[in-house]
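# Coordinates in review
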Amino acid sequence: MNLSILFIAILSYLIGSISGGVVIGRLKNVDIRTKGSKAAGATNAFRTMGVVFALSVLIIDVYKGYFSTFYIPYLIGNETTVAKTIAGFSSILGHVFPIYFKFKGGKGVGTALGTLFAFPPLYLATFIGFVSWLITLFLTGYVGLGSIISGVTVLTFYILSSNCIINELTFYVLFVAIFFIITHRENIKRLLNGSENQFQKIMLLNFFKKK
């Protein structure tokens, strides 16, 4: 393995391991990994701690993904697409399995979003994926389902918009889509047995019912 790639992977993993949920939680004297779904991401933070707390977590988680993917390869001197995808992959792994916090982190969605922003060819696909997440959330109230659908949407739209050209970014967005499914496997189980947490208040049908 190229030594620069190894350094990029290690540094990106260490940065990804900086869990926004745990850091903000410690400032507030609370561990969100003991609450709700026990994940350290922004979704569980929102459910258990509110909007401001969750927004702070989201900003940290998204930016660390972007920073790792965009800046670490630049600082190491290897800005190839392969190097950037490895940086993104490593930062997501760091978020889900943070070395600083006993390898107990979030589900990687916010951090993955940050990594996608580091690739200009993925801007439009990422935007479409985000819109699909919002639509799913507003229609069903299921955040996990929205995350899974958004990952598949980014992959599908990128493949179609690049005329089905298979390259490093194709494999990267494929990894992201599969990883979302893996990290949300418990959500899938709960969806199937009807016990998944649902944001009733944000659903459009409930909103219009109140009107």
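Attention in this report is confined to the structure presented alongside it. A quick note: this is a predicted structure, and the numbers were derived from the prediction, not measured.

### A short note on the overall build of the protein chain
Across its full length, the protein chain carries 11 helices and zero strands. Seen in sequence order, the protein chain has helices and strands lined up from the N terminus as α-α-α-α-α-α-α-α-α-α-α. Its C-alpha atoms give the protein chain a radius of gyration of 17 Å, within 12% of the compact-globule value 17 Å for 211 residues. For the protein chain, the spread of C-alpha atoms along the three principal axes comes to 55 × 45 × 30 Å. Looking at the protein chain as a whole, 45% of its 211 residues qualify as buried. Taking contacts inside the protein chain between residues at least 6 apart in sequence as the whole, the part at least 24 apart equals 66%. Approximately 11,000 Å² of the protein chain is accessible, and the part contributed by carbon and sulfur atoms is 71%. Separation between the mean location of the 18 positive side-chain charges and that of the 6 negative ones in the protein chain comes to 13 Å.

### Details of helix α7 (residues 123-140)
In an α-helix, one full turn covers 3.6 residues, which means residues spaced three or four apart are oriented alike. Spanning 18 residues, α7 covers 26 Å between terminal C-alpha atoms, matching the ideal 26 Å at 1.5 Å per step. Looking at α7, one finds that the buried residues are Ala125, Thr126, Gly129, Ser132, Thr136 and Leu137. Angularly, the buried residues of α7 cover 130° about the axis, an arc narrow enough to put them on a single face. Structural note: α7 exposes Leu124, Phe127 and Leu139 on the side pointing more than 90 degrees away from its buried face. Elements that come into contact with the buried residues of α7 comprise α6 (109-116) and α8 (143-161).

Analysis parameters
Residues numbered from 1 in each chain as written. Predicted model: local features only at pLDDT ≥ 70, side-chain atom pairs only at ≥ 80, totals over all residues. Heavy atoms only, no water. Helix = DSSP H or I, 4+ residues; strand = E, 2+ residues; numbered from the N terminus. Rg over C-alpha atoms; globule rule 2.2 N^0.38 Å. Buried < 20%, exposed > 50% of the residue type's maximum accessible area, 1.4 Å probe, protein only. Contact = heavy atoms within 4.5 Å. Areas by Shrake-Rupley, 256 points an atom, 1.4 Å probe, with all protein chains shown as cover. Lys, Arg positive; Asp, Glu negative; His and termini not counted. Charge placed at Lys NZ, Arg CZ, Asp CG, Glu CD. Expected span 1.5 Å × (residues − 1). Arc of directions from axis to C-beta.

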